[in-house]
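An overview of the molecular structure
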Amino acid sequence: MADFSTTVKDIGDVSVIYLNGFLDAHTAPMLENNFSELINKNRYSIVVNFEELAYISSAGLGVFMAFIEKVRENNGDIKLTTMNDKVYNIFDLLGFPLLYEIYKSEDEAINKFKSLK
Amino acid sequence: MNKILSNILSRRSFHLFWILTAFLFLFRIVFIPSENFAIITISEIVLALILLSLAFSLSGLFKEVKPNPLSLVVNVGILSAVIFLVMNFSEPIVQLLIGNVKEKVKNPGLAENVISILYSLIFLGFAAYVFLVFKTLFYFKQTRNVETYFNTMLIFFVLTSIAVYFEQNEELSYISTTFYIVSVLLIIFNSLRISWIAFIVKKEKIYLLILSVVILILFIVNLVKMGGGHFHYQIISSVSLVLDRFLNVLLIYGAIYFSILFFTTLFHIPTAEAFDKKAQEVSSLQYFSKLINEVLDFKDLSKTISDITTKLTGSDAAWIMWKNEDDFTSIAQQNIGYYDAQLIHGFMLSQKKWDKLDQAKIIPIEKFEKQNELSEKYSTLLVAPLKAHGNIKGFLLAAKKGNSIFNEEDRSALDTFSEYASIAFENARLLEESIEKQRLERELDVAREVQRRILPSKNPNYPNLDISSIFIPAFEVGGDYYDFFPIDQNTLGFIIADVSGKGISAAFIMAEVKGIFESLSKVIRRPKEILIKANEILKGTLERKIFVSAAYGLIDVRNGTLHIARAGHCPILLIREGKLQDIRPEGLGLGLSFDNVFSDSLQEQKVDLQENDTLILYTDGITEAKNGLFEDFGEDNFRNLLLKFSSHNVQTITEKVIKEVSIFSQEHSQYDDITLVIIRWKQNIINNGEAEWQISAQQLKT
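Please read all numbers here as calculations on a predicted model, not as lab measurements. (Residues numbered from 1 in each chain as written. Chains lettered and ligands numbered in written order. Predicted model: local features only at pLDDT ≥ 70, side-chain atom pairs only at ≥ 80, totals over all residues. Heavy atoms only, no water.)

To continue, consider the overall build of chain A. The helix and strand inventory of chain A stands at four helices and five strands. Counting from the amino terminus, chain A carries its helices and strands in the arrangement β-β-α-β-α-β-α-β-α. Oriented by its inertia axes, the alpha-carbon framework of chain A measures out at about 40 × 25 × 20 Å. Put simply, chain A has 117 residues, and 54% of those count as buried. A sequence separation of at least 24 residues applies to 68% of the contacts in chain A between residues at least 6 apart. Carbon and sulfur atoms form 46% of the exposed surface of chain A, whose accessible area is close to 5400 Å². Distance between charge centres in chain A, computed from 11 positive and 17 negative side chains, equals 6 Å. (Helix = DSSP H or I, 4+ residues; strand = E, 2+ residues; numbered from the N terminus. Buried < 20%, exposed > 50% of the residue type's maximum accessible area, 1.4 Å probe, protein only. Contact = heavy atoms within 4.5 Å. Areas by Shrake-Rupley, 256 points an atom, 1.4 Å probe, with all protein chains shown as cover. Lys, Arg positive; Asp, Glu negative; His and termini not counted. Charge placed at Lys NZ, Arg CZ, Asp CG, Glu CD.)

What follows covers a nonpolar patch on the surface. Residues and elements named next belong to chain B. Together, I29, V30, F31 and L110 make up a nonpolar patch on the protein surface, roughly 370 Å² of accessible area in all. It is helix α1 (residues 2-31) that contributes the most residues to the nonpolar patch, three residues altogether. Position of L110 relative to the elements: it lies in helix α5 (residues 110-139). Residue classification places L110 among the exposed positions, given a relative accessible area of 54%. (Patch = residues over 30% accessible without salt bridge, like charges linked within 9 Å, V, L, I, M, F, W, Y side chains within 5 Å. Salt bridge = Lys/Arg side-chain N within 4 Å of Asp/Glu carboxyl O.)

Moving on to the packing of helix α2 (residues 37-65) of chain B against α5 of chain B. For any two helices packed against each other, one specifies the inter-axial angle together with the distance between the axes. Residue and element names in this part refer to chain B. With their axes 9 Å apart at the nearest point, α2 and α5 run at an angle of 45° to one another. On the basis of the axis angle, α2 is oblique to α5. Our pair here, α2 against α5, has a crossing hand that is right-handed. From α2, L47, I50, L51, L54, A55, L58, S59 and F62 reach across to α5, where they touch L121, L124, G125, A127, A128, Y129, L132, V133 and T136. For the contact of α2 with α5, the per-class residue count stands at 14 nonpolar, three polar and no charged. (Axes fitted to C-alpha atoms, helices over the stretch in contact; angles between N-to-C directions. Parallel < 35°, antiparallel > 145°, perpendicular 65-115°, else oblique. Left-handed = near helix turned anticlockwise from the far one by under 90°. Nonpolar A, V, L, I, M, F, W, Y, C, P; charged D, E, K, R; others polar.)

For the rest of this paragraph, the subject is the interface of chain B and chain A. Counting residues at the interface gives 25 residues for chain B and 25 residues for chain A. Taken together, chain B and chain A are joined by four salt bridges. Close ionic contact of D632 of chain B with K86 of chain A constitutes a salt bridge, the shortest N to O distance being 3.0 Å. Between the two partners, chain B and chain A, sit eight residue pairs in polar contact (both at pLDDT 80 or more). Of the residues belonging to the side of chain B that touches chain A, the class tally is eight nonpolar, nine polar and eight charged. (Polar contact = N/O pair within 3.5 Å; in protein donor to acceptor, adjacent residues only side chain to side chain.)

Let's shift gears to the side chain of T675 of chain B. Residue and element names in this part refer to chain B. By the element assignment, T675 lies in strand β15 (residues 674-681). Taking the relative accessible area as the measure of exposure, T675 reaches 0% and is therefore buried. Side-chain polar atoms of T675 contact the side chain of D480, separated by 2.8 Å. Ignoring any residue separated from it by four or fewer positions in sequence, one finds T675 in contact with I470, F471, D480, Y482, I496, L617, Y618, T619 and I622.

Residue and element names in this part refer to chain B. Spanning 21 residues, helix α14 (residues 503-523) covers 31 Å between terminal C-alpha atoms, matching the ideal 30 Å at 1.5 Å per step. Those residues of α14 not exposed but buried are G503, A506, A507, I509, M510, V513, K514, I516, F517, L520 and S521. Residues of α14 that are buried sit in contact with α13 (408-454), β7 (480-488), β8 (491-499), α15 (527-539) and β9 (548-556). (Expected span 1.5 Å × (residues − 1).)

We now examine the sheet that holds strand β6 (residues 465-472) of chain B. All names here are of chain B. Strands sit in the order β6-β15-β14-β11-β12 across an open sheet of five strands; the sheet is antiparallel. Since the sheet does not close on itself, it has two edges, and those belong to β6 and β12 (579-583), each with one partner. Sheet twist, expressed as the mean angle between neighbouring strand axes with direction ignored, is 20°. Pairing between strand β11 (residues 572-576) and strand β14 (residues 614-618): three bridges, direction antiparallel. Residue pairing in the sheet places I575 in a bridge with T614 of β14. This element, helix α19 (residues 650-664), spans β6 and β15 of the sheet and lies at about 155° to β15. (Pairing = 2+ DSSP bridges.)

Geometric descriptors of this kind do not, in isolation, establish any biological role.
The structure is reproduced here in structure tokens:
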């Protein structure tokens, strides 16, 4: 199976999850763990960086749906950044831009969180 | 067969024994006393035959009973004691019966004859039995073929016995002496091969030591008593000189055999204990390894293994540290609490190079700084690794309390046992895995079956529509779904959908989706409204992270008007006049949002189909089909192929595209379900024949 890995970095109040490789039904639980841990630590300002993500399947998309409500209930958000065209197309087909803020750069997303404060 | 044969033979020989004995009595009563050479020869031959027949019947008995060497030795002891009594106490009795033996034997009457024959027969019986015992002992636990040695000895026994007659002639007596000496040498040579002694336990060896001394003394005393001039000799020699000599040789055999047996046993005694322990260890290891191979359940197996560990090493406690991901947990504790076991783990893992442990190791625990926290005071630990394919899967631990400590033997025993245990664990794991695999495969079969029943078995038949569809399930079963709803003869509804995720859960959601659209298509016409309604229904059942992409279309087959709405699905492709365009009205996937965002997002598109317009509905299983390098088949590739093949009929286009996809992905197992539906509009047909008639009929009705 293809590889997938994640890294989580805290930048101030914002946590950034970096995705790398192939996100599908088999690797999705790793990302779910990342989200769960952040929520357990009450970190609800989350940016997901897609720069190194090569592929996302429908099960991978489901991960974002699973946590968005909980995060927004706590006045937080999940913002998506730096997607390549292929990945963006998958999000776009499903209409994700209507549900999530998608930014070209990680800084933009982080600044958006900061400007709210 | 052999057994039956030998049975008959021994029974026959027993009958023969009685017949011959009776004959001997008669013969001797009639002809003896006599100096005639022929008569003496016949008498000797008959006696020899009696001995043989008795030996045969006894050997049949020996084969059946299969006695152990120790009991044979005991039997010989008892017999030689009986013989000793007979020789020493028969003289007064016989004298009472027949008077002076010395004179009477030379010229015997009826009574003397009978008594001396009876007396001889007792010794003949003794000879037959003792000889068989020696034979059995000789062959016992022999690994090489030693038949020749024994048979040679037997031949010399016979020769020595017969040669007794040469002694009557001074010049020929050397023959008898030679045979006699050779026989004794052969006896010594053959008696040195006592191999069975090693296989009896220490207690029995001590017993045997005493027994062999007693028997040795009895044999020597008997030998002396048999010498010429004694009462015994007078009687026996009057009946048979050969028997007397044979008895003599046998007693010598016995004396030599038992003296050698005595010394052999004596030398074996110091090592007996170690030998016993080793033998017990080997047999218990064999028993244990057999036992653990019979236990297949992991939990039972670990319990059995720690139970055996305590027995094998004589430890006070035993347990297993089993590796989960990267830490260890204590399982199957035997006589030790979980807390203690975990504390000792910590100590063990603080040892240097514990992860390189490749054989059992004794670790003194006295230095353990948390010793006081343990509820028992343990002195030493014995640890053996449990491995599979060279990787440590866990450790087998044993601990001793107080002053007792483990020794090297315990260590090597556990070392060997841990290897058996590792194999047993691996077997149990493989079995579990294969059961789990079978379960998953059955689950997949169910999912495939669900999927197969849900999809349409044939394409709908409309005169001005050419329809082709194909569905190829992935190994893991995806959630693809397509369907046609012939609403009436003028209207065809169709759907293509893809449930997120895979496996049996996706298959069940797909079944639900079918139910929803099947019912909705009957009451609602507008694709957008159907999708909105479907989303509402799914709200109650869909898990938050599951969603469904779908596209629903409705064709009016009278005029080729297509209404289509898309909920997050791949765009519908339209090939018109050699060009490809996307039909991609906006819309969120089903289940992504249950409020107005969904209904607000949804648009419906109207397309007026032209002659030969070709609609292509597909799922991402095609565009995301992977090759050996994990590359996608690709959107562009797919579109180019569709254009390339567009002049063919819909069936051929489908086949050609699928063929290209399968060639591309042949080095990679199919990743996702593949669905491809192609619908072509045939405008011209409407102008002639049945369809037109239908329309006019319809118009007439309304």
